[in-house]
Amino acid sequence: WSIGEPSYNRVWIPDNEEVWQSAEITKNYKAGDRFLHVQLEDGTELSYPVDPAALPPLRNPDILVGENDLTALSYLHEPAVLHNLKIRFVESKLIYTYSGIILVAINPYKQLPIYGDAIIHAYSGQNMGDMDPHIFAVAEEAYKQMARNNKNQSIIVSGESGAGKTVSARYTMRYFATVSKSSSNAHVEDKVLASNPITEAVGNAKTTRNDNSSRFGKYTEISFDQNYQIIGANMRTYLLEKSRVVFQSENERNYHIFYQLCASAMQPEYEHLKLGKSQANNLLFTISVQHFKAGFSSAGMFSALQRKSHSLKTGPVEDKHLNIFCELLGLNCDKVARWLCHRKIVTTSETVTKPMTRAQAANARDALAKKIYSHLFDFIVERINQALQFPGKQHTFIGVLDIYGFETFDVNSFEQFCINYANEKLQQQFNLHVFKLEQEEYMKEDIPWTLIDFYDNQPVIDLIEAKMGILELLDEECLLPHGKDENWLQKLYNNFVNKNSLFEKPRMSNTSFIIQHFADKVEYKCEGFLEKNRDTVHEVLIEILKESKVYLTFYWKCFISRTLLSGVFQFRNSLSLLMVTLNATTPHYVRCIKPNDEKLPFEFDSKRVAQQLRACGVLETIRISAQSYPSRWTYIEFFSRYSILMTQQELSINDKKQICKIVLQRLIQDHNQYQFGRTKIFFRAGQVAYLEKLRSDKLRHACILIQKRVRGWLQRRRDHQNKCLWTHLKFVDNSLSFIWLEEQKYCRGYLVRRLCQLIHVAAVTIQAYTRGFLARKKYRKVQPIKNLISVTGNNLCSVKNMNTMAIIPNSSPFACLVLLSSALFFLVFYQDLCLVCTVLLESHFQSQKEIYEKEIEGLNFKVEHLSQDINHLQKLFREENDINDGIRLEVSRLTSENLVCSRCRSTTQMCLWHSKYLKPRGVVVNMIPGLPAHILFMCVRYADYLNDPDMLKSFMNVTIDGIKQVVKEHSEDFEMLSFWLSNTYYFLNCLKQYSGEEEFMKYNTPRQNKNCLKHFDLSEYRQILSDLAIRIYHQFIIVMENNIQHMIVPGMLEYESLQGISGLKPTGFRKRSSSIDDTDTYTMTSILQQLSYFYSTMCQNGLDSELLKQAVKQLFFLIGAVTLNSLFLRKDMCSCRKGMQIRCNISYLEEWLKDKNLQSSNAKETLEPLSQAAWLLQVKKITDDDAKEICEHCTSLSTVQIVKILNSYTPIDDFEKRVTPSFVRKVQAMLNNREDVPQLMLDTKHLFQVTFPFSPSPHALELIQVPSSFKLGFLTRV
């Protein structure tokens, strides 16, 4: 190792608390060094001692952490697996992860919204690598392989108690019941699901590790017919923990059924059981009753008997609980009491009755209780199987095995021994299957096969089940009259200690033995092995039980034959049958993991998880994969991811496969580090991390180069701008100086001129006032002369006629003043006269104007009156013409009535016309929209004209039935459905338009109102036609959705419409179907072409514009919902680059709407959730402001959806950052007050309410012509 980039110099070192701890190398390591200088994540410097032959494992680059498949990791080892699971579980809140062929399921201890029907439909039909890991993906893969290969499948669900095995098995059965519902009315799938609560009630109990722990193994075969629909099921059980009936450890409980019965003790239907107020923890015996709510006609139910603490004695036992027990079972109480305390010993000469000790009596009592419960359990399982039986032959089946995982406790007994023995067998089968798959993969890719060393646990199995093995010695000791646990243990010591490395004797104990299992060493206490293995009930008690009158009598008779077989023998036989079944099927593995013992949600205890990973075979799978070529990429994936490492010369080659080979030979000199297969490239461990480093370095260098160029350009641009700015400023400065001088010059001139003007005005003003003053002064002097002039006016006239030119020179100043005053007087008089004349003229003009206006108003009134007379005359003329036309039409109808065919023939041929002759393509060309609908209505109008109700009823019924039949026969034909939806809508509108109702008639022309129906009210038929139109519309939408749905995810989500922005990453063992072959894949263009086809077909068939908009809105909702649902279930698609791709595709859809002039359809609004999800992938997600912006912007997404996207966000390159859990919690806290539905998936089956707007036809019925191509020669126009 050497110090390089921070992402590639980190290792894992062991840690006592976290199992493994990440550390960064701070000093170059040289071969032979004994210490590795590292720095822990908390900053602690450490010199870690290392063995040069076993260096600490390397840590994967961050870009590979959090992958869906553990085999996608470049470095495959325990710390990498543990870290990847922790990141997915704690930070991304993802509970499922693939590990090759295994699905690892971690119990979240919290209800998650990922199991609804919408999720089931989302996974249905998908390839396993196309979606996020899920239990439904495993179920779909099993179902698909069964249908494709006609081979039985098995899903093996294992894990320790509390890991979630029962829930996982339940979800797989629910998936099969949902996707493969039977066509019959038997509802077999509902019965299969209903059996789970029954078996859990009688077989599950609360333990210290799990509140609903399955205390038995269950293998459920779900049977399918040739159409791969469920027809029945069958259940097999293994190793019921019978000892729990009589003994429970501290803080544990008995089986659920006892508490359920006690809770129902006071109900009337259970009064005859006499349960009273018994404490459930002391319930001892179980009995059968007549009713049990399990869907049986008659089945078993339980009650109990409480034993007192006093010792059993010889003779009758006075115990009311014993009396109740015997009463309910119909037994003799004295006989039962006697043989619970005595034992019959039969010898060759005599039969001896021997009293039991207290311990012996307790053992006999417990054995009877366990045996009764065991047979009741078997009885219920058999009744369930009877209810799930099916007639006919099973074609294939899928088995679901819910079985206990490897167990180790402080004290391990017979049950743990059997459980671990079963897990050894299952692990062997698993190892062989993994080895076989590896070999098949190599052979399919034509890669030389080298033998891989894998752990074979056959020696442990031989130790347990071989001749003279542990089980055989146990059965042998049980056959001895005085066999004891200690004697059997001593035989084990003698046979295996120091002779078999897998068997050990504890140093500090002589009552235990240790077996080295595949998962861990387990120490077993030998106490109770023989007793539990014998599992015997005294024959006398069995004979007494056979006298019982309850329904289970038949089962009592089976006691003798079954008690002869030991518990181990029965278990081994059933286990052998199970292994035969599993080996004959294709197995699928689900390993359930318990993250912590405190049952805290999303808390990860690394120690507990690592222990379980070792025990369940996940790490063994990783180890096998790591020995060969664990990383496998298709050529397309490799080319898309690492094209940045290719030269232009290499990219010029047309063959991508050849390009990949040339590039790899150049980049990785050691050719042993990879192999070229037919469709994939196989890499040894660490090579993908090396390629990722090269890619990251290339991107980093490219970024540095871009930054350098950009910074240089920006600096040069700033320098140039600064230089230009300085020159400009200098020029501006000079210009401003000149401008200032000019402004000063003009300003000074302006100020001087203004001052001169002010002085001139002031001088003139002074002069005016002065002259006025002088004139007034002179005027006051001549005022007496004016008075004299008024007295001697007549003289003035004569003076006026004098030759003034002659007088003025000779006149005195007084005479001049008189003359001027006279002139002034006449001037004033003339002015007043002019004013009077003006007023008189205006008055005359106004009077003339009013006269003219009155005359004009009168003339206008006369013109209007004459126009009304003309219109009235024209109306009378038109009415006369209409009457004449009506008379001529009546005559024409009467003369042509005999040419019309009989009513029955007409209606029959009309029906044939609907179903055979009218084809969409032939009708829509050069025809008015809804032509067939208009023809139909004209026939209705003819029946109305004849006033023939029978004919009308017959015609309408045949018409409606004919349309229904055509739609049924062409239920998948989009063009035919579009055609008849359009014509049904037009026919409905014609019935409204010509109904004679005021609300519709107001849209008609007078001519159209003449054609309204006269005799019949067809409102009832209008309702029927409306319902029929809705049915056709829904089928029409379904056909469109079926035609486009398979294109949505490839086109909207997977196809990269923005070239050069690739989002592919390693996918591990489960390959995306889109990464196998890039030919014949759907693109965004495919979706747009399909939408255009729908649009053009609807337009050709004359579909109303409002209906067309509603259909387009429904399609856009489907596109948005399917894309968004797939995004929620595909963590690999939640990246910034994918958000850009989605937004680009949405813009294409919006452009299509604009091109088709459909913006008013509200289709764009249905894409808003998807648009906001794409925005959320692209926006920054770091600060509080970012969180606030997300909350304000993402109004169309629910809180669950926002959190899901944030948790699933996956960086594609090292330059992107993961969303921190603290940021997700911050957003979640801000969204707490939002009231929305806590639902993750959108309902893709949702249908918007359809409305049929009334749109009157503008076409006149009398102008409609029936084309000869319609072949409607039996119709005649009248």
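Further up the page is the structure itself.
Residues numbered from 1 in each chain as written. Predicted model: local features only at pLDDT ≥ 70, side-chain atom pairs only at ≥ 80, totals over all residues. Heavy atoms only, no water.

### Structural notes on the overall build of the protein chain
Secondary structure summary: the protein chain contains 44 helices and 21 strands in total. Looking at the protein chain residue by residue over its 1278 residues, the buried ones come to 48%. When contacts within the protein chain are restricted to residue pairs at least 6 apart in sequence, those whose partners lie at least 24 apart make up 71%. If you sum the accessible surface of the protein chain, you get close to 64,900 Å²; carbon and sulfur atoms cover 54% of it. (Helix = DSSP H or I, 4+ residues; strand = E, 2+ residues; numbered from the N terminus. Buried < 20%, exposed > 50% of the residue type's maximum accessible area, 1.4 Å probe, protein only. Contact = heavy atoms within 4.5 Å. Areas by Shrake-Rupley, 256 points an atom, 1.4 Å probe, with all protein chains shown as cover.)

### A word on the packing of helix α36 (residues 1019-1054) against helix α37 (residues 1084-1100)
Closest axis-to-axis distance for the α36/α37 pair is 8 Å, and the angle between their directions is 160 degrees. What the angle tells us is that α36 and α37 run roughly antiparallel. As α36 packs across α37, the resulting crossing turns out to be left-handed. Across from F1036, M1040, N1043, I1044, M1047, I1048, G1051 and M1052 in α36, the residues of α37 making contact are M1084, S1086, I1087, Q1090, L1091, F1094 and M1098. A breakdown of the residues in the contact of α36 with α37 according to their chemical character gives eleven nonpolar, four polar and no charged. (Axes fitted to C-alpha atoms, helices over the stretch in contact; angles between N-to-C directions. Parallel < 35°, antiparallel > 145°, perpendicular 65-115°, else oblique. Left-handed = near helix turned anticlockwise from the far one by under 90°. Nonpolar A, V, L, I, M, F, W, Y, C, P; charged D, E, K, R; others polar.)

### Points about the packing of helix α8 (residues 333-341) against helix α15 (residues 539-546)
Direction vectors running N to C along α8 and α15 enclose 160 degrees, while the axes themselves pass 9 Å from each other. In terms of orientation, α8 and α15 fall into the roughly antiparallel class. Here the hand of the crossing between α8 and α15 comes out left-handed. Facing α8, whose interface residues are K335, V336, W339 and L340, α15 presents V540, L541 and I544.

### Considering the sheet that holds strand β20 (residues 674-676)
If you walk across this open sheet you meet the three strands as β19-β21-β20, and the pairing is antiparallel. Each edge of the open sheet carries a strand with a single partner, namely β19 (631-634) and β20. Along the sheet, successive strands turn relative to each other by an average axial angle of 20 degrees, direction set aside. Bridge count for β20 against strand β21 (residues 680-683) is three bridges, and the pairing is antiparallel. Bridge pairing in β21 links Y674 to F683. Contacts from helix α23 (residues 656-667) reach β20 and β21, with the element oriented near 160 degrees to β20. (Pairing = 2+ DSSP bridges.)

### Considering the nonpolar core
Formed by 267 residues in total, the largest nonpolar core has its most connected members in F176, W488, F513, F638, F1036, I1044 and L1091. Counting residues per element, this core draws most heavily on α36, which supplies 16 residues. Apart from the residues within four sequence positions on either side, F1036 is in contact with F974, L977, S978, L981, M1098, L1103 and A1111. Counting residues in each nonpolar core, the second largest holds 20 residues, with V336, W339, L541 and I544 among its members. (Core = buried A, V, L, I, M, F, W, Y, C linked by side-chain atoms within 4.5 Å.)

### Some words on the pairing of strand β14 (residues 396-402)
Counting buried residues in β14 gives seven out of seven residues, a clear majority hidden from the surface. Of the two faces of β14, both are covered, the one formed by T396, I398, V400 and D402 as well as the one formed by F397, G399 and L401. Judged from the seven bridges that link them, strand β10 (residues 217-224) and β14 form a sheet pairing that is antiparallel. Counted as the bridge partner of F224 is T396 from β14.

### Structural notes on the sheet that holds strand β7 (residues 153-158)
Across the sheet, seven strands lie side by side as β5-β6-β18-β7-β14-β10-β11; this open sheet has mixed pairing. Whereas interior strands pair on both sides, the edge strands pair on one side only; in this sheet they are β5 (96-99) and β11 (230-238). Sheet twist, expressed as the mean angle between neighbouring strand axes with direction ignored, is 20 degrees. Note: β5 against strand β6 (residues 102-106), four bridges, orientation antiparallel. When the sheet's bridge partners are listed, Y96 is paired in β6 with A105. Contacts from helix α4 (residues 165-179) reach β7, β10, β11, β14 and β18 (586-593), with the element oriented near 160 degrees to β14.

### Things to note about the environment of E382
Along the chain, E382 falls in helix α9 (residues 358-387). Classification of E382 as partly exposed rests on a relative accessible area of 35%.

### Structural notes on the environment of K1181
Of note, K1181 is situated in the loop between α41 (1168-1178) and α42 (1184-1193). Relative accessible area serves as the criterion here: at 10%, K1181 is assigned to the buried category. A C-alpha to C-alpha distance of 9.8 Å links K1181 and V1227, two positions 46 residues apart in sequence. For K1181, the residues in contact, after removing those within four places along its chain, are L1176, D1186, I1190, L1206, Y1209, V1219 and F1223. Reaching out from K1181, the side chain makes a polar contact with the backbone oxygen of L1176 at a distance of 2.9 Å. A distance of 2.8 Å separates a polar side-chain atom of K1181 from the backbone oxygen of V1179. (Polar contact = N/O pair within 3.5 Å; in protein donor to acceptor, adjacent residues only side chain to side chain.)

### Let's talk about a positive patch on the surface
Judged by side-chain charge, R776, K777, K778, R780 and K781 come together as a positively charged surface patch. Along the chain, K777 falls in helix α24 (residues 687-781). (Patch = residues over 30% accessible without salt bridge, like charges linked within 9 Å, V, L, I, M, F, W, Y side chains within 5 Å. Salt bridge = Lys/Arg side-chain N within 4 Å of Asp/Glu carboxyl O. Lys, Arg positive; Asp, Glu negative; His and termini not counted. Charge placed at Lys NZ, Arg CZ, Asp CG, Glu CD.)

### Digging into α24
Helical geometry: 3.6 residues make up each α-helical turn, so side chains three or four residues apart lie on a common side. In this model α24 runs 131 Å from its N-terminal to its C-terminal C-alpha over 95 residues, within 8% of the 141 Å that 1.5 Å per residue would give. By the burial criterion, the buried members of α24 are Q687, V688, A689, L691, E692, R695, S696, D697, L699 and G772. In this structure, the buried residues of α24 make contact with β19, α21 (635-642), α23, β21 and α39 (1136-1155). (Expected span 1.5 Å × (residues − 1).)

### Quick word on the side chain of Q153
Structurally, Q153 can be placed in strand β7. Judged by its relative accessible area of 0%, Q153 falls in the buried class. Only 2.9 Å separates the side chain of Q153 from the backbone oxygen of K151, close enough to count as a polar contact. Residue contacts for Q153: discarding those within four places in its chain leaves A142, Q145, M146, Y219, F397, I398, G399, T585, T586 and H588.

The values are spatial; any link to function lies outside them.
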